[in-house]
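An overview of the molecular structure
In case you want the letters, here they are:
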Amino acid sequence: MGQHTEAVHTWEDGLKFLESTVERVNELEDHKLIDWINISLQTARLAYRQGTDGPGVAHKQNQVCYTMLKMTDTEQDEWKTEQFQRAIKHFNGALENIPASHTGIKQSIQLPLARVLFALKHYDETVKIYEDGFSNDGDPQWLYNVAECLWQQDKKELAYTRLLQLMGTEPTFATAYKMLATYFTEKNDRTSAAESTCKYKFYSWVPSFCHNIEYTLENISIVEQLSSDQALECTNATLANDKSKKATEFLAAICYHHYHGPVENKAFKELEKRVAPVGIYALNVPTFATWNSTGITVAGNANGTSGSDLESLSSPTSIFIDNNNTLYIADRDNNRAVKYFPNTTSGILVAGNGTPGNTPFQLYAPKGVAVDQYGAVIVADSSNYRIQSFSPGTVSGTTIAINSSSNILGVMRDLNIDVNNNIYVTDSSSNRVTEFFSFNGIGVPLVGSNGTGNGPTQLSSPYGNFVDANSSLYVADLGNQRIQKFLLGSNIGMTVAGVSNTPGSTLLLLNGPISVPADNNEYIYIVDSNNARIMQWTTNYTAGGTCLIGCGGTRGSSPTQLYSPRDVKFDQYGNLYVCDQGNHRIQKFLIQPITSTCPPPSKWIRALTITKLSSHHEYQYSKETIE
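Residues numbered from 1 in each chain as written. Predicted model: local features only at pLDDT ≥ 70, side-chain atom pairs only at ≥ 80, totals over all residues. Heavy atoms only, no water.

Points about the overall build of the protein chain
In terms of regular secondary structure, the protein chain is built from 13 helices and 28 strands. When each of the 627 residues of the protein chain is scored for burial, the buried share is 52%. By sequence separation, contacts in the protein chain at least 24 residues apart represent 53% of the contacts at least 6 residues apart. When the accessible surface of the protein chain is summed, it comes to about 28400 Å², and 50% of that surface belongs to carbon and sulfur atoms. (Helix = DSSP H or I, 4+ residues; strand = E, 2+ residues; numbered from the N terminus. Buried < 20%, exposed > 50% of the residue type's maximum accessible area, 1.4 Å probe, protein only. Contact = heavy atoms within 4.5 Å. Areas by Shrake-Rupley, 256 points an atom, 1.4 Å probe, with all protein chains shown as cover.)

Here's what the structure looks like:
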């Protein structure tokens with residue numbers, strides 16, 4: 001089962017050897033007893049890790065290796081249970097032989113013991129450990145753990161009571177708001193759920209964006225005398241073109257000192273845009289931007305051939321570019337998701353092991369990929385009818401949502417994430433777009449739940465979707481040859497590109513619209529798949545579009561051609577990336593420089609930077625002059 005299994009057996013042999021020298025363990029000499037306790041703890045930790053990873057997983061030279069096993073799901077569950085029980089045995093053995101006076105050491109061991117008990121669903125024993133922990137040191141984390149156990153037992157009202165107690169102890173405890181959001185969602189209290197989600201975002205994000213501060217009373221006074229809106233006006237006036245961490249940290253400081261819950265807080269919304277995982281929100285694409293029509297192959301083979309090695313792709317369906325310009329690709333026919341760092345020619349596997357299947361390590365024809373605020377890779381595992389989340393550094397997925405009678409999820413054609421980490425999938429089986437809340441996996445149909453058709457509330461074989469900074473939803477309504485725009489809260493669409501049920505190749509028509517992101521000007525960019533081109537539509541919808549890429553009228557594999565393109569995204573500089581599916585490659589088209597007509601800055605501007613110094617929210621500030 002891997003080197004961990006061998007290590008567990010080796011440690012257990014060591015314990016048996018020590019035990020063989022005495023009748024009872026506590027009769028061991030002090031130094032041997034210490035060895036016995038340490039070996040017990042190491043064995044327990046390894047057994048717990050085995051149970052968590054599952055059979056067939058090994059960690060070798062900082063890499064995770066997966067071996068296909070001929071074990072049924074029931075056999076795998078039994079194997080995991082055996083490892084967890086082994087871990088409990090060794091944790092308890094260590095606890096029994098540590099002197100009672102060493103309460104701190106005992107408590108540090110009880111925490112991992114509680115995790116094992118939780119994994120085995122021994123919730124009552126787990127709750128007792130957490131309750132005792134809170135009584136001993138008052139750490140609010142214990143209360144949250146109690147609430148989590150009660151929630152798993154479906155004792156949600158008791159969990160809610162514990163969360164309220166926690167809020168009274170530590171009102172900035174971020175993950176507590178996440179659980180509260182789920183509680184209010186199930187109570188159909190969407191206002192409270194949205195408020196809790198907002199606070200969860202705030203207390204999770206803001207401290208992590210503060211890095212460089214000099215603490216002075218004068219600087220604190222300057223910040224605290226500003227209101228949020230005044231600070232936003234100041235930031236927009238002076239730092240509008242500064243997308244560095246300096247400007248973002250300034251906003252973070254203002255938000256931290258002035259945020260009191262209102263979703264309307266303008267500075268907080270601006271901060272959302274700047275730190276959102278979707279690079280589109282941080283875009284500053286000029287109104288009259290143009291792009292080089294000759295593409296550069298940044299992933300896959302430039303000649304249009306497919307392959308399964310990490311330098312090749314096979315029918316990629318979706319791409320995502322994070323704020324570090326790392327490219328993520330849903331590599332459909334290779335049943336995997338890969339990422340490419342800038343200026344590299346070989347991908348890194350981030351999800352799926354290359355074989356179709358439904359284990360946590362596998363994908364089956366993925367058709368959407370994105371990265372959330374916390375670095376997790378989210379995949380639309382289309383043929384498994386589920387949404388998978390892969391935490392940073394792991395290749396074992398967690399299911400966020402899966403098709404069921406109460407949570408319908410059909411064939412997904414696209415997946416995107418908004419600034420709240422909510423997930424939007426296009427479900428072509430039901431001809432609709434559904435929003436899934438990241439904290440509970442509950443799906444809410446947004447548009448298209450009115451049967452197949454071409455009416456303003458209907459869709460036909462929809463593919464791409466996109467939510468812009470104003471929360472407007474765009475849908476590539478492929479079967480109707482049009483792009484529909486739905487304003488926040490409305491299920492009535494307006495046609496903003498194409499003519500319903502009229503395919504064509506003129507600048508007024510589309511033929512197979514399949515993807516549709518928008519930029520900061522609310523211009524939309526359409527993958528017109530059957531015309532093998534990328535179109536841009538401004539907000540003057542009736543004027544028709546402008547062809548940007550693939551405008552020669554023929555499909556192919558040359559640098560100026562596309563073949564059945566599938567997706568388009570921007571990087572933070574405004575360069576266009578096209579998922580050229582039929583050519584099994586990703587093409588990059590450079591934005592062209594524009595000569596500025598604006599006068600140079602007339603004076604230096606003072607700004608503030610901010611950093612978090614400790615986990616207790618102590619901050620320092622420094623005045624800095626920037627040009």
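Section: the environment of Tyr-130
Its place among the elements puts Tyr-130 in helix H5 (residues 123-137). Assessed through its relative accessible area of 5%, Tyr-130 is described here as buried. Not counting residues within four places of it along the chain, the set of residues in contact with Tyr-130 comprises Leu-111, Ala-114, Arg-115, Trp-142, Asn-145, Val-146 and Cys-149.

Observations regarding the nonpolar core
Within the largest apolar cluster, 45 residues are counted, with the highest numbers of intra-cluster contacts made by Leu-163 and Leu-166. It is helix H6 (residues 140-152) that provides the largest number of residues to this core, a total of 8 residues. Leaving out residues up to four positions away in the same chain, Leu-163 has contacts with Tyr-144, Ala-147, Ala-176, Met-179 and Leu-180. In terms of nonpolar packing, the next biggest core, distinct from the first, is built from 26 residues, Ala-337, Ala-351, Ile-400 and Ile-417 among them. (Core = buried A, V, L, I, M, F, W, Y, C linked by side-chain atoms within 4.5 Å.)

As for H5
In a regular helix each residue adds 1.5 Å, so 15 residues correspond to 21 Å; H5 covers 21 Å between its end C-alpha atoms and thus fits that length. All of the buried residues in H5 are Tyr-123, Thr-126, Val-127, Ile-129, Tyr-130, Gly-133 and Phe-134. Buried residues of H5 fall within an arc of 160 degrees about the axis and therefore sit on the same side. Exposed positions of H5 whose direction lies more than 90 degrees from the buried face are Asp-124, Lys-128, Ser-135 and Asn-136. (Expected span 1.5 Å × (residues − 1). Arc of directions from axis to C-beta.)

Points about the sheet that holds strand S19 (residues 494-498)
With antiparallel pairing, 4 strands are arranged side by side in an open sheet as S16-S17-S18-S19. Across the chains shown, the open sheet's two edge strands, defined by having one partner strand only, are strand S16 (462-467) and S19. Averaged over all pairs of adjacent strands, the angle between strand axes in this sheet comes to 25 degrees, irrespective of strand direction. Here 5 bridges tie strand S17 (residues 473-477) to strand S18 (residues 482-486), and the two strands are oriented antiparallel to one another. Considered in S18, the bridge of Leu-473 is made with Phe-486. (Pairing = 2+ DSSP bridges. Axes fitted to C-alpha atoms, helices over the stretch in contact; angles between N-to-C directions.)

Some points on a negative patch on the surface
A cluster of like negative charges, contributed by Asp-73, Glu-75, Asp-77 and Glu-78, occupies part of the molecular surface. Residue classification places Glu-78 among the exposed residues on the basis of a relative accessible area of 51%. (Patch = residues over 30% accessible without salt bridge, like charges linked within 9 Å, V, L, I, M, F, W, Y side chains within 5 Å. Salt bridge = Lys/Arg side-chain N within 4 Å of Asp/Glu carboxyl O. Lys, Arg positive; Asp, Glu negative; His and termini not counted. Charge placed at Lys NZ, Arg CZ, Asp CG, Glu CD.)

Topic: unusual backbone geometry
Even without a glycine there, the phi angle at Asn-335 is positive, about 50 degrees. Within the secondary structure, Asn-335 is located in the loop between strand S5 (327-331) and strand S6 (336-340). The exposure class of Asn-335 is buried, given its relative accessible area of 8%. Although it is not a glycine, Glu-522 sits at a positive phi angle of roughly 65 degrees.

Digging into the packing of helix H4 (residues 103-119) against H6
Working note: a packed helix pair is described by the angle between its axes plus the distance between those axes. With their axes 12 Å apart at the nearest point, H4 and H6 run at an angle of 15 degrees to one another. Relative to H6, the element H4 is oriented roughly parallel. Relative to H6, the crossing made by H4 is left-handed. Of H6, the residues touching H4 (which contributes Gln-107, Leu-111 and Phe-118) are Trp-142, Asn-145, Glu-148, Cys-149 and Gln-152. (Parallel < 35°, antiparallel > 145°, perpendicular 65-115°, else oblique. Left-handed = near helix turned anticlockwise from the far one by under 90°.)

Observations regarding the sheet that holds strand S10 (residues 386-390)
Read from one edge of the open sheet, 4 strands run S8-S9-S10-S11, paired in antiparallel fashion. The open sheet terminates on both sides in strands that have one partner only, identified here as strand S8 (369-371) and strand S11 (398-402). Taken over all neighbouring pairs, the strand axes of this sheet differ in orientation by 20 degrees on average, direction set aside. Alignment of strand S9 (residues 377-381) against S10, held across 5 bridges, turns out to be antiparallel. Within the sheet, the bridge partner assigned to Asp-381 lies in S10 and is Arg-386.

A short note on the UniProt feature "repeat: NHL" (unreviewed entry) in the protein chain
Under the UniProt annotation, "repeat: NHL" (unreviewed entry) lies at residues 354-393 and 553-592. Between the first and last C-alpha atoms of residues 553-592 the distance is 23 Å; the span itself is 0% helix and 35% strand. (UniProt positions renumbered as here; feature names shortened; annotations may be inferred.)

With respect to the pattern of salt bridges
The full count for this structure, using the stated rule, is 13 salt bridges. For Glu-186, the salt bridge goes to Lys-156, with nearest N and O atoms at 2.8 Å. Of this pair, Glu-186 sits in helix H8 (residues 174-186) while Lys-156 is found in helix H7 (residues 156-169), placing the two residues 30 residues apart along the sequence. Lys-485 serves as the salt-bridge partner of Glu-522, at 3.6 Å between the closest nitrogen and oxygen. Taken together, the residues Glu-522 in the loop between strand S20 (513-515) and strand S21 (524-528) and Lys-485 in strand S18 connect sequence positions 37 residues apart. When its relative accessible area of 6% is taken as the criterion, Lys-485 is described as buried. Because the salt bridges share partners, they merge into one network encompassing Asp-154, Lys-156 and Glu-186.

Remarks on the packing of aromatic side chains
Inspection of every chain in the model, using the stated rule, returns 11 aromatic pairs. Judged by centre distance (5.5 Å) and plane angle (75 degrees), the rings of Tyr-183 and Phe-184 are edge-to-face. Judged by its relative accessible area of 15%, Phe-184 is buried. Arg-555 extends its terminal NZ or CZ atom over the ring of Tyr-563, reaching a point 5.0 Å from the ring centre. (Phe/Tyr/Trp six-rings, centres within 6.5 Å; stacked < 30°, edge-to-face > 60°. Lys NZ or Arg CZ within 6 Å of the ring centre and 35° of its normal.)

Notes on the state of the cysteines
Inspection of the entire model under this criterion finds 1 disulfide. With its sulfur 2.1 Å from that of its partner, Cys-547 forms a disulfide with Cys-551. Linking Cys-547 and Cys-551, the disulfide has an S-S dihedral of approximately -105 degrees and is accordingly described as left-handed. (Disulfide = S-S within 2.5 Å.)

Some remarks on the packing of H6 against H8
Running from amino to carboxyl end, H6 crosses H8 at an angle of 30 degrees, the nearest separation of the two axes being 10 Å. By the angle between their axes, H6 is roughly parallel relative to H8. For H6 against H8, the interelement crossing comes out left-handed. Residue-level contacts link Tyr-144, Ala-147, Glu-148 and Trp-151 of H6 to Thr-175, Ala-176, Met-179, Thr-182, Tyr-183 and Glu-186 of H8. Looking at the contact of H6 with H8 residue by residue, the class counts come to 6 nonpolar, 2 polar and 2 charged. (Nonpolar A, V, L, I, M, F, W, Y, C, P; charged D, E, K, R; others polar.)

So, the pairing of strand S26 (residues 585-589)
Of all 5 residues that make up S26, 5 are buried, and the element is covered over most of its length. Pairing of strand S3 (residues 296-300) with S26, which is carried by 4 bridges, proceeds in the antiparallel orientation. Note that in S26 the partner of Gly-300 across the bridge is Arg-585. Pairing between strand S25 (residues 576-580) and S26: 5 bridges, direction antiparallel. Note that in S26 the partner of Cys-579 across the bridge is Ile-586. Between the end of S25 and the start of S26, which pair antiparallel, lie 4 residues, with His-584 showing a positive phi angle near 55 degrees.

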